[in-house]
Amino acid sequence: MIPPPDPGPVLAFGRPAAPFGQTRRFDIEEAFARFDERVLPDPVTLTSRLKWVVKHSPLIRPFLGFSAARTAEALQRLAGTAPLLSAEPVRQELRDRMMERLAALAATVQPASVT
């Protein structure tokens, strides 16, 4: 997890359960569930109003600890780690699905006539 340079995304979508700097793994169903829960509008509560005030207050934001320098340091640490790729069968399946979709898209495109 890479901390954003600005607290806006964290205030809008919440903070991930894993600490910044740790890798988090989850499957597609969990990813969609987390997405829905993070993007649906919050009910108007004291917490949501407080988040709005913090998000829009230039005086409070610097005290939240987010900065471009912190993000850059996290990206440099990440660049120094070994890559974590999906297993070859997963990559091949995704590649095949992409090629099938591209072929279907190409079949729907009419070539331009040259005059």
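Residues numbered from 1 in each chain as written. Predicted model: local features only at pLDDT ≥ 70, side-chain atom pairs only at ≥ 80, totals over all residues. Heavy atoms only, no water.

Trainee: Describe the overall build of the protein, naming the residues involved and giving the relevant values.
Mentor: What the protein contains, in helices and strands, is five helices and zero strands. Counting all 115 residues of the protein, 15% fall into the buried class. Per element, the accessible surface of the protein, about 9,500 Å² overall, is 65% carbon and sulfur. (Helix = DSSP H or I, 4+ residues; strand = E, 2+ residues; numbered from the N terminus. Buried < 20%, exposed > 50% of the residue type's maximum accessible area, 1.4 Å probe, protein only. Areas by Shrake-Rupley, 256 points an atom, 1.4 Å probe, with all protein chains shown as cover.)

Trainee: Could you give an account of the pattern of salt bridges, naming the residues involved and the relevant values?
Mentor: Per the stated rule, a full pass over the model turns up three salt bridges. Between arginine 91 and glutamate 88 there is a salt bridge whose closest N-O contact spans 2.4 Å. Residue arginine 91 and its partner glutamate 88 are located together in helix α5 (residues 88-108), separated by three residues, close to a single helical turn. The partner of arginine 95 in a salt bridge is glutamate 88, with the nearest N and O atoms 3.9 Å apart. Put simply, Glu88, Arg91 and Arg95 are held in one network by salt bridges that share partners. (Salt bridge = Lys/Arg side-chain N within 4 Å of Asp/Glu carboxyl O.)

Trainee: Summarise the side chain of threonine 71; cite the residues concerned and give the values.
Mentor: Note that threonine 71 resides in helix α4 (residues 68-79). Within the structure, the side chain of threonine 71 is placed 3.3 Å from the backbone oxygen of proline 4, a separation counted as a polar contact. Excluding residues that lie within four positions of it along the chain, threonine 71 makes contacts with Ile2, Pro3, Pro4 and Pro5. (Polar contact = N/O pair within 3.5 Å; in protein donor to acceptor, adjacent residues only side chain to side chain. Contact = heavy atoms within 4.5 Å.)

Trainee: Describe the environment of tryptophan 52, listing the residues and the values that go with them.
Mentor: For tryptophan 52, the position within the fold is in helix α3 (residues 46-55). A residue is classified by how much of its surface remains accessible, and tryptophan 52, at 54% relative accessible area, is exposed. When the C-alpha positions of tryptophan 52 and alanine 12 are compared, they lie 8.6 Å apart, and in sequence the two are 40 residues distant.

Trainee: Give a detailed account of a nonpolar patch on the surface, specifying residues and quantitative values.
Mentor: A cluster of nonpolar side chains, contributed by Trp52, Val53, Leu59, Ile60 and Leu64, occupies part of the molecular surface with about 500 Å² of accessible area. Mapped onto the fold, leucine 64 is located in the loop between α3 and α4. (Patch = residues over 30% accessible without salt bridge, like charges linked within 9 Å, V, L, I, M, F, W, Y side chains within 5 Å.)

Trainee: Hey, could you go over the environment of threonine 71 for me, with residue numbers and the actual values?
Mentor: Taking relative accessible area as the criterion, threonine 71 reaches 11% and is therefore assigned buried. When the C-alpha positions of threonine 71 and proline 5 are compared, they lie 5.5 Å apart, and in sequence the two are 66 residues distant.

Trainee: Before we move on, could you go through the confidence of the model for the protein and cite the residues and values that matter?
Mentor: Considering every residue of the protein, the mean pLDDT works out to 79; 81% of them sit at 70 or more. Highest mean pLDDT in the protein belongs to α5 (92); lowest belongs to helix α1 (residues 8-13) (72). (pLDDT = per-residue confidence, 0-100.)

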